[in-house]
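Spelled out from the first residue to the last, the chains are:
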Number of protein chains: 2
Amino acid sequence: MFTVACLACQFAVDTTRDLRACPSCGGPLGFGYDKALVSFAHEDPSMWRFRSLLPVGSGTEAVTLGEGGTPLTRARLDLGCQLYWKNETVNPSGSHKDRAMSVALTRARALGISTVFVASAGSTGLAAASYAAAAGLRCVVLVGEEASVARLLPLRVLGSDVYRVHGSVDDALDLLENAGWAAGIHDVSTRRASNPYQAEGPKTIAYEIFASLGRVPDWVVIPVGGGGTLAAAARGFAELVELGMADRIPRLAAVQPSVCATLVVARERGIHSDAEMRAAAPAERPVTIQIKLAHTYAPDGAEALEALDRTRGVALAATDAEAIDGVRRLGASEGIFAEPSSGVVVPAVEQLVRDGLAGPDDLVVGLVCGNGFRETESLAGESRTLDVFVPSVDPSAFLRSLVRP
Amino acid sequence: MFTVACLACQFAVDTTRDLRACPSCGGPLGFGYDKALVSFAHEDPSMWRFRSLLPVGSGTEAVTLGEGGTPLTRARLDLGCQLYWKNETVNPSGSHKDRAMSVALTRARALGISTVFVASAGSTGLAAASYAAAAGLRCVVLVGEEASVARLLPLRVLGSDVYRVHGSVDDALDLLENAGWAAGIHDVSTRRASNPYQAEGPKTIAYEIFASLGRVPDWVVIPVGGGGTLAAAARGFAELVELGMADRIPRLAAVQPSVCATLVVARERGIHSDAEMRAAAPAERPVTIQIKLAHTYAPDGAEALEALDRTRGVALAATDAEAIDGVRRLGASEGIFAEPSSGVVVPAVEQLVRDGLAGPDDLVVGLVCGNGFRETESLAGESRTLDVFVPSVDPSAFLRSLVRP
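Report follows, based on the coordinates. Per chain, residue numbering runs from 1 following the sequence as it is written. Each chain takes a letter, starting from A, and each ligand takes a number, starting from 1, following the order in which they are written. In keeping with the model being predicted, local features are shown solely for residues with a pLDDT of at least 70 and side-chain atom pairs are shown and tallied solely at 80 or more, while totals for entire chains, interfaces and linings include all residues. For side-chain calculations, the full set of non-hydrogen atoms in the structure is used, while hydrogens and water are omitted.

Moving on: the overall build of chain A. Looking only at helices and strands, chain A features 13 helices and 13 strands. Its C-alpha atoms give chain A a radius of gyration of 21 Å, within 12% of the compact-globule value 22 Å for 405 residues. On the principal axes, the C-alpha backbone points of chain A span a range of 75 × 45 × 45 Å. Long-range contacts, defined here as pairs at least 24 residues apart, represent 69% of the contacts in chain A between residues at least 6 apart. Values of accessible area rely on a 1.4 Å probe in the Shrake-Rupley scheme; residue burial ignores everything except the protein chains shown. Of the roughly 13,800 Å² of accessible surface on chain A, a fraction of 51% belongs to carbon and sulfur atoms. What counts as a helix is a DSSP run of H or I of at least four residues, what counts as a strand is a run of E of at least two, and both are numbered from the N terminus. Throughout, the radius of gyration refers to the C-alpha atoms, and the reference size of a globule is 2.2 Å times the residue count to the power 0.38. Residues are treated as being in contact if the distance between any of their heavy atoms lies within 4.5 Å.

Pasting the structure below:
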């Protein structure tokens, strides 16, 4: 039971139509739910226990691989606050994007779509390929010219068709927006203007954090590429307040690569709209190992900025060196093998504490979005010392010498 | 509340001692539980909801990353039976070995161990490194000389020390058994003789399958490397019968690489003991892309054979071509990106049906043990067609041509 309306002009849209923008004014579409009908199915371990707050009809079968229900674990690292990790790497295709794609492919199949298209450099493409396969739909993934073959192989194994566009993933998004819409294709890319349905999936991260902790944290720290996940988290917590389940919303911290910290720049310049963000975008694509976060502008930047304003949030930036250091510390101290684009959550938490925004009594949740197995290229520097043999003479003494006193 | 006893001479062992074999006769150790105290904590989504059937003291804090509680999804592939996948790729380090390592590191930490050692070519090493990090313990991983650097990098990021041994993973297991035990090191390798505690973790797969289906399946199909997971599944189902929860145990099918189908060979030759299996092992290490299953002998082979006998099970073999074909079909039809060592579950189910052992009314569960992201080397053949660009002239027509009619 959901309704669709334009977020700009409030025009009510027929939920059975395949629309991605307001047919009246072209504005972005959002969703409403009958709060009286909200109930959570506690026996379902996946994110679909929150189905009554997702945009699917009551008779619609979900396209699911068991996404969501990811672990919330107490951090061993002492960064000066009460710290937990929401470990989104434990999703079927290895990232939080599975939540968005589970909703998007459920919608696409319910509409009778045969083929979905997506522009992605990484996690979204993998998720789209996985859920399209699970739905029995064809999936076409458009990637930038820089995407490595190693990153594309799993897409082929998952049965999707992969094509490159000249330029970056932002150019691929634009190509789908222009040539694609003219062609009447169904786009599942993760920005609201491409597909408003997917934008509801990551709300469930907020619901799960609240359910696991039994309270609202003081801060949630979120790596930002497009900005949609951050905006969805804010919306999810706000819904819990509306439902009378939570008493407040947490503050949100966005963290982006320092070479393309578009939210930081926007706040400095007083920018609020997507058009302004696009106008401020550099011509060159950002060069960073934080590939999942590398955008010349944040495709859902306006709503991410609004979410930061609403939650008294902050926009932070992390260098590639900090990202790699974060990966090492998540690995060696927490046992979580994250991608560099998620390693940034560690320096971001440190900065919150350094800036006096979070202290020893504050409950902070860091979102670890994607696993590092899908991106081992960036670890090449770690390969020293990987060809040391256990000596044949007195191996016992050698093994004993390795035991930590 | 658990007890430890020798499976050979029934000698009762003090649960506080760090032993891996019977102090009386050297036999393998097993566990008993007070059935009157068994209860399942349904609010815990991890495998620790079954804690009352795991060998940990009541006051012991588990070393957990949220392992278990993995999805059981209905197959889209029609292989001639009622087929489900138990998707163990959705575990913190990407495989079912997380269950074993969560128990092993919980035990190691409770004993006050500082450093754990493990011999592994793949999943076990990753799991050991992850859980040692989560436990705050040092981890030393011994690998064979053939292990690729790409496979070892994540181990370094997870903070473990990696050393090679001359020979294969079987030689690494032997080195730990001989030189390691002499050195008094704590071994968490996944075979009962190395560490009986870890052997209890994978029992929870059986409990979860039963809980998800609400009944016992007719068949469970399990890729076999060492044999411990298969034996644990049989034991888990048997415990459910003892507890009066299930009325029977399923039949089990083991599938191994055709070049080292040691259980098939053992059954043909009437071999039952580990000593006989070791004596029958070839000198050369098996060459196969099913690297997680490549052993010259199955380290837990005797109990795997016993489990097959007890469940009226079968031992099957799959070629590398079948494994890759299985990976492709799990990917493109199910949206599950599996490693070749798990792709074999597809031809194994087909063989059960072809041999008349499973039919249209039979409920079959295939275990997909590990994800393919950790092993993209084996996919190099998929790289054709990954440099096709969307044309600049009339991209709309091109995109439209990709829509499946």
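Least squares is the method for superposing the copies, and the C-alpha atoms it fits come from residues with pLDDT of at least 70 in both. With an RMSD of 0.0 Å, chain A superimposes on chain B once it is rotated by 180 degrees and translated 0.0 Å along the axis. On this basis, the relationship between the two copies can be described by a two-fold rotation axis. Interface overlap between copies: 100% of the residues of chain A at the interface are likewise at the interface in chain B, consistent with a symmetric, same-surface contact.

All names here are of chain B. Where helix 1 (residues 97-111) meets helix 2 (residues 123-135), the closest approach of the two axes is 9 Å, and the angle between their N-to-C directions is 40 degrees. On the basis of the axis angle, helix 1 is oblique to helix 2. The chirality of how helix 1 crosses helix 2 is right-handed. Here helix 1 contributes Lys97, Asp98, Met101, Ser102, Leu105 and Arg109 to the contact with helix 2, which in turn contributes Ser123, Thr124, Ala127, Ala128, Tyr131, Ala132, Ala134 and Ala135. Looking at the contact of helix 1 with helix 2 residue by residue, the class counts come to 8 nonpolar, 3 polar and 3 charged. Axis lines are fitted to C-alpha atoms, over the contacting stretch for helices. Their N-to-C directions set the angle, which ranges from 0 to 180 degrees. Roughly parallel refers to an angle under 35 degrees, roughly antiparallel to one over 145, roughly perpendicular to one between 65 and 115, and oblique to any angle outside these ranges. The crossing is said to be left-handed when, going from far helix to near helix, the turn is anticlockwise and less than a right angle, and right-handed when the turn is clockwise. Residue polarity is assigned by list, with Asp, Glu, Lys and Arg as charged and Ala, Val, Leu, Ile, Met, Phe, Trp, Tyr, Cys and Pro as nonpolar; anything else, Gly included, falls into the polar class.

Let us look at the interface of chain A and chain B. Between chain A and chain B, the residue contacts involve 74 residues of the former and 75 residues of the latter. We define buried area as the total accessible area lost by two parts upon association, computed with a 1.4 Å probe and summed across both. Together chain A and chain B conceal approximately 6,600 Å² of surface at their shared face, both sides included; 68% is due to carbon and sulfur atoms. Three residues, Val157, Phe373 and Leu386 of chain A, lead the burial of chain A against chain B; their summed loss comes to 11% of the area buried on that side. Here a polar contact is taken to be a pair of N or O atoms separated by no more than 3.5 Å, where protein atoms must pair a possible hydrogen donor with a possible acceptor and residues adjacent in sequence count only if both atoms sit in side chains. Between the two partners, chain A and chain B, sit 18 residue pairs in polar contact (both at pLDDT 80 or more). Put simply, the parts of the chain that give the side of chain A that touches chain B at least two residues each are strand 6 (115-119), helix 2 (123-135), strand 7 (138-143), helix 3 (149-157), strand 8 (161-164), helix 4 (169-183), helix 10 (320-334) and helix 13 (395-401) of chain A. Looking at side-chain class alone, the side of chain A that touches chain B contains 42 nonpolar, 20 polar and 12 charged residues.

All right, on to the sheet that holds strand 11 (residues 251-257) of chain B then. Residue and element names in this part refer to chain B. What the 6 strands build is an open sheet, ordered 4-5-13-10-11-12; its pairing is mixed. What marks the edges here is a single partner per strand, and that holds for strand 4 (72-74) and strand 12 (314-318). For this sheet, the mean angle separating the axes of adjacent strands, direction not counted, is 25 degrees. In this structure, strand 4 lies alongside strand 5 (residues 82-87), joined through 3 bridges in antiparallel fashion. For arginine 74, the partnering residue across the bridge sits in strand 5 and is tyrosine 84. Strand pairing is assigned whenever DSSP identifies at least 2 bridges connecting the two strands.

Before going further, it helps to examine helix 12 (residues 345-354) of chain A. Only protein chains enter the area calculation, which uses a 1.4 Å probe; residues under 20% of their type maximum are buried, those over 50% are exposed, and those in between are partly exposed. Taken together, the buried positions of helix 12 of chain A are occupied by Val345, Val346, Pro347, Ala348, Val349 and Leu352 of chain A. The first or second residue beyond helix 12 of chain A is glycine 356 of chain A, which carries a positive phi of 75 degrees.

Moving on, we come to the sheet that holds strand 12 (residues 314-318) of chain A. Hydrogen bonding along the main chain pairs the strands of a sheet, whether they run parallel or antiparallel. Residue and element names in this part refer to chain A. Sheet architecture is open: 6 strands sit in the order 4-5-13-10-11-12, paired in mixed fashion. Each end of this open sheet is capped by a strand with a single partner; those strands are strand 4 (72-74) and strand 12. For this sheet the average axis-to-axis angle between neighbouring strands, irrespective of direction, equals 25 degrees. Its contacts with the sheet put helix 10 on strand 4, strand 5 (82-87), strand 12 and strand 13 (363-368), and the angle it makes with strand 12 is roughly 90 degrees.

Our focus in this paragraph is the packing of aromatic side chains. Geometry of aromatic contacts follows a simple scheme: Phe, Tyr and Trp rings, the Trp one being its six-membered ring, pair when their centres are within 6.5 Å, and the pair is stacked under 30 degrees between planes, edge-to-face over 60, tilted otherwise. Tallying each qualifying case throughout the model produces 16 aromatic pairs over all chains. Plain terms: the ring middles of phenylalanine 398 of chain A and tyrosine 163 of chain B are 5.2 Å apart, the flat faces sit at 90 degrees to each other, and that makes the pair edge-to-face. With phenylalanine 398 of chain A in helix 13 and tyrosine 163 of chain B in strand 8 (residues 161-164), this pair bridges two chains. Look at tyrosine 163 of chain B and you get buried, because its relative accessible area is 15%. The structure contains a cluster of three or more aromatic residues connected by ring pairs, namely Phe2, Phe31 and Tyr197 of chain A.

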